[in-house]
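In case you want the letters, here they are:
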Amino acid sequence: MLSEIEKRIVEVVKDVKDSVVTIATVQLVRRFLFEVFPIRGVGSGFIVREDGIIVSNYHVVGGARRINIITPEGKNYDAKIIGADPQSDIALLKIDVSDLPTLEFGDSDNLSVEQIVFALGSPFGLFGEPTVTMGVISALNRTLRTERGIFEDLIQTDAAINPGNSGGPLVNLNGRPIGVNTAIIPYAQGIGFAILINKVSKVVDDILKYGRVRRAWLGVYVLDVTKQLAHYYRLPVEEGVIIMEVIPWSPAHKAGLVEGCLLYTSPSPRDRG
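In this text, all values refer to a predicted model and were calculated from it rather than measured experimentally.

## Some words on the nonpolar core
Counting residues in each nonpolar core, the largest one holds 29 residues, and the members touching the most others are Val16, Phe46, Val55, Val180 and Val200. Top contributing element to this core by residue count: helix 3 (residues 197-210), with five residues. If sequence neighbours within four positions are ignored, valine 55 has contacts with Gly45, Phe46, Val48, Ala91, Leu92, Phe105, Gly167, Val180, Val200 and Val204. Judged by nonpolar contacts, the second largest core, of 15 residues, contains Val21, Val61, Ala79 and Leu93.

What follows is the structure, encoded as C-alpha cells:
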C-alpha cells in the first residue's frame, strides 16, 4: 500500500517523464595526421513549448554536427540549435513537431535547503523513459569552477546526476522544473549541481525574442575596499570598490569613469556622528 507521499511522487514522475528527451550528438574531431573522427555524445533535455522547443545544456550540443532528439516512446527527430548561451551553459533546440507534452517552468526564487527534488534524464545513454532519482537540495548559491568557466548561484543536490543527465530538469514536488542539471563532482558522491530555472527562463526569453542573451554591463575591473586597504591608502570609506581599469568605449568610459575612482554607497563609519 503506497503512502500519500509515495503516491504524490508517482504522480509527479508520471506528469513529467513524457516531456524529458534524450539528446544524441555527433562531433567531428581532428586527430593524428589531420584525420577526422566522429565522436558521439549523449545528454538530456526537456520540452518547453508544444511546437518543439527544447531546453538543454550548451555543453551537451555545442559544436555538434548532428543532433538527434529521442522521445521516451522511441521517436527520433533531427534537431537544430536556435540559440545558445555558453556563459550560462544553456542551449535552445528545435524539432519540427507539434502538440508535444511540455513542462512549465517553476520558480527558483524561494527554494529551501532540504526541499525534495527529482533529477530526470538519460544517464549513460539509457534510452526509453527517463531515469528518475530523488534527493534534496543540499545547498544554494554554490559557485563552481570548471573547464567551461565559472558558474555562480547553482543549486547543489544529492539527487544522483550521472553523465548523460546534463540538460535534464530538476523538478519539485509540484512537477515544475526549478533547475537544469549541469554538472557533478566526479570524485565525490551525492554532489550535483543545477542552474536556477529563473536564470534559464531569462535566457530562453531573450533567445526567442532577440536571438541572443542581453546582459547589462559597466565595462570596469574593480577591487573591493577592505578596512586594511582603506587604512593603508587613507580612504574616506571602508566599504566600496576602486576602479582598476576602464574598458574603452564601454558604458563606464562613456559615463566618464576613470581608473582610481572610488565607488561606495554609504558614508564611512568614521564620518558618522
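## Observations regarding a nonpolar patch on the surface
There is a patch of nonpolar side chains on the surface, built from Tyr221, Leu223 and Met244 and spanning about 300 Å² of accessible area. Inspection of the secondary structure assignment puts tyrosine 221 in strand 14 (residues 220-224).

## A word on the sheet that holds strand 2 (residues 36-49)
Strand pairing in a sheet takes place through backbone hydrogen bonds and is either antiparallel or parallel in direction. One open sheet accounts for seven strands, arranged 5-4-1-2-3-7-6; its pairing is antiparallel. Looking at the sheet topology across the chains shown, the edges are occupied by strand 5 (76-78) and strand 6 (80-85). Neighbouring strand axes in the sheet, compared pairwise and without regard to direction, differ in orientation by 30 degrees on average. Direction of pairing for strand 6 relative to strand 7 (residues 90-94): antiparallel, over a ladder of five bridges. Along strand 7, the bridge assignment pairs aspartate 85 with isoleucine 90.

## Describing the side chain of threonine 25
Mapped onto the elements of the fold, threonine 25 is located in strand 1 (residues 20-30). Classification of threonine 25 by relative accessible area gives buried; the value is 6%. Once you skip the residues sitting within four places of it in the chain, threonine 25 turns out to touch Ile39, Arg40, Gly41, Val60, Val61, Ala64, Arg66 and Ile67.

## Considering the sheet that holds strand 15 (residues 241-246)
Taking strand neighbours across the sheet as the criterion, the three strands line up as 14-15-16 in an open arrangement whose pairing is antiparallel. The open sheet has two edge strands with one neighbour each: strand 14 and strand 16 (262-263). Where strand 14 lies against strand 15, five bridges are found, and the strand directions are antiparallel. Looking at the pairing, valine 220 lines up with valine 246 of strand 15.

Conventions used here
Residues numbered from 1 in each chain as written. Predicted model: local features only at pLDDT ≥ 70, side-chain atom pairs only at ≥ 80, totals over all residues. Heavy atoms only, no water. Core = buried A, V, L, I, M, F, W, Y, C linked by side-chain atoms within 4.5 Å. Buried < 20%, exposed > 50% of the residue type's maximum accessible area, 1.4 Å probe, protein only. Helix = DSSP H or I, 4+ residues; strand = E, 2+ residues; numbered from the N terminus. Contact = heavy atoms within 4.5 Å. Patch = residues over 30% accessible without salt bridge, like charges linked within 9 Å, V, L, I, M, F, W, Y side chains within 5 Å. Areas by Shrake-Rupley, 256 points an atom, 1.4 Å probe, with all protein chains shown as cover. Salt bridge = Lys/Arg side-chain N within 4 Å of Asp/Glu carboxyl O. Pairing = 2+ DSSP bridges. Axes fitted to C-alpha atoms, helices over the stretch in contact; angles between N-to-C directions.

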